[in-house]
Amino acid sequence: MNRKKKIVVLTGAGISAESGLKTFRDSNGLWENHRVEDVATPEAFARDPDLVYRFYNLRRAQLAEVNPNPAHDALVTLENHFQDDFLLVTQNVDDLHERAGSKRVLHMHGELKSAKCSKTHKAVRWEEDLTAMNLCDCCALQNEMRPDIVWFGEMPYFMDEIYQALFQADVFIAIGTSGIVYPAAGFVAEANSSNTHTVEINLEPSSVQSQFDEQHYGKAGQVLPDYVASLIGE
Ligand code: APR
């Protein structure tokens, strides 16, 4: 493949599944035994902040127990090959892409290792547990720091940058995402509208599988390294 091609990759929870992190929709709609409405909405945080703090503290602590898998590594290989013509957009809030070595990563749904002020939205790197007692840098008030996670009903990050990259992309690859949650589920349609070649790599067909030009089904850790090798070798 010509080195000048531009590649945009979207990842979802499926790419981290083989590292040992649960996906969102694999156990009766529950995420680590919680309904998303109880832990992943602004209303849930207003209603029961301690539950929400606890939930994300556990998720953050869990990162120390998991490692990137061959699918994360394959995306580093892809980035090393295409360099500035490569962009990785992830819905994941874990840090496995960075720990594998990916550099150009946009976390459209936020990050576990970040916390932000509810009032000013100023974000800071956060490695420890977060509680209502933590003061923010800007207002120095308690009860204002929250997980820097984009909850249901909130606007994902970097949307202008992502749509711009999709518009310019020659290849769009979605990996390990169910195609249920928008706007990410709409990226394939956006890419198709500018004649981008679209590829789905997933354990099973996603909700938007018919919109992709090419599909590969299986575990990302097994399918993606071969797919990347073929893309680079073209
Ligand atoms: N390899 C590839 N795909 C896999 C693997 C694997 N080893 N294991 C599971 N999958 C697939 C599943 O078949 C499913 O289609 O990954 C997908 C995971 O889907 P979801 O759990 O819905 O995760 P995701 O698409 O990332 O969710 C999107 O929803 O809850 C919100 O904000 C949250 O970012 C999240 C968003």
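Trainee: Mind showing me how you'd approach the overall build of the chain here?
Mentor: Of the regular secondary structure elements, the chain holds 9 helices and 11 strands. What you see for the chain is a C-alpha radius of gyration of 18 Å, in line with the 17 Å of a compact globule of 234 residues. Dimensions along the principal axes, computed over C-alpha positions, put the chain at roughly 55 × 35 × 30 Å. For the chain, buried positions account for 50% of its 234 residues. Restricting the contact set of the chain to residue pairs at least 6 apart, pairs at least 24 apart contribute 64%. Looking at charge distribution, the chain has the averaged site of its 21 positive side-chain charges lying 3 Å from that of its 34 negative ones.

Trainee: How do you make sense of the nonpolar core when you look at a structure like this?
Mentor: In a soluble, globular protein the nonpolar side chains are often hidden away together inside. Ranked by internal contacts, the top residues of the largest apolar core, which has 26 residues, are Tyr 56, Met 145 and Trp 151. For this core, the elements supplying multiple residues, two or more each, are helix H2 (36–39), helix H3 (42–47), helix H4 (49–62), strand S6 (110–117) and strand S8 (145–149). With 5 residues, H4 is the single largest residue contributor to this core. Sequence-distant contacts of Met 145, that is, excluding residues within four places in its chain, are made with Phe 45, Tyr 53, Ala 115, Lys 116, Cys 117, Val 124, Trp 126, Leu 130, Asn 134, Leu 135 and Cys 136. Core analysis: the next-biggest nonpolar cluster, separate from the first, contains 22 residues, Ala 74, Ile 175, Tyr 227 and Val 228 among them.

Trainee: Looking at this model, I keep getting lost on the sheet that holds strand S4 (residues 86–90). Mind explaining?
Mentor: Within a sheet, each strand pairs with its neighbour through backbone hydrogen bonds, oriented either parallel or antiparallel. The strand order across the open sheet formed by 6 strands is S5-S4-S1-S9-S10-S11, and the pairing between neighbours is parallel. The open sheet has two edge strands with one neighbour each: strand S5 (105–107) and strand S11 (214–217). On average, each strand axis in the sheet is inclined to that of its neighbour by 15°, with strand direction left out of account. Note: strand S10 (residues 197–202) against S11, 4 bridges, orientation parallel. Bridged to Glu 200 within S11 is Gln 215. Strands strand S1 (7–11), strand S9 (171–175), S10 and S11 of the sheet are contacted by helix H9 (residues 220–233), whose axis makes an angle of about 170° with S9.

Trainee: Can you walk me through the environment of Pro 205 in this structure?
Mentor: Among the structural elements, Pro 205 can be located in the loop between S10 and S11. Residue Pro 205 is classed as partly exposed on the basis of its relative accessible area of 49%. When the C-alpha atoms of Pro 205 and His 97 are compared, they prove to be 23 Å apart, with 108 residues separating the residues in sequence. Setting aside chain neighbours within four positions, we find Pro 205 in contact with Glu 200 and Tyr 217.

Conventions and cut-offs
- Residues numbered from 1 in each chain as written.
- Predicted model: local features only at pLDDT ≥ 70, side-chain atom pairs only at ≥ 80, totals over all residues.
- Heavy atoms only, no water.
- Helix = DSSP H or I, 4+ residues; strand = E, 2+ residues; numbered from the N terminus.
- Rg over C-alpha atoms; globule rule 2.2 N^0.38 Å.
- Buried < 20%, exposed > 50% of the residue type's maximum accessible area, 1.4 Å probe, protein only.
- Contact = heavy atoms within 4.5 Å.
- Lys, Arg positive; Asp, Glu negative; His and termini not counted.
- Charge placed at Lys NZ, Arg CZ, Asp CG, Glu CD.
- Core = buried A, V, L, I, M, F, W, Y, C linked by side-chain atoms within 4.5 Å.
- Pairing = 2+ DSSP bridges.
- Axes fitted to C-alpha atoms, helices over the stretch in contact; angles between N-to-C directions.

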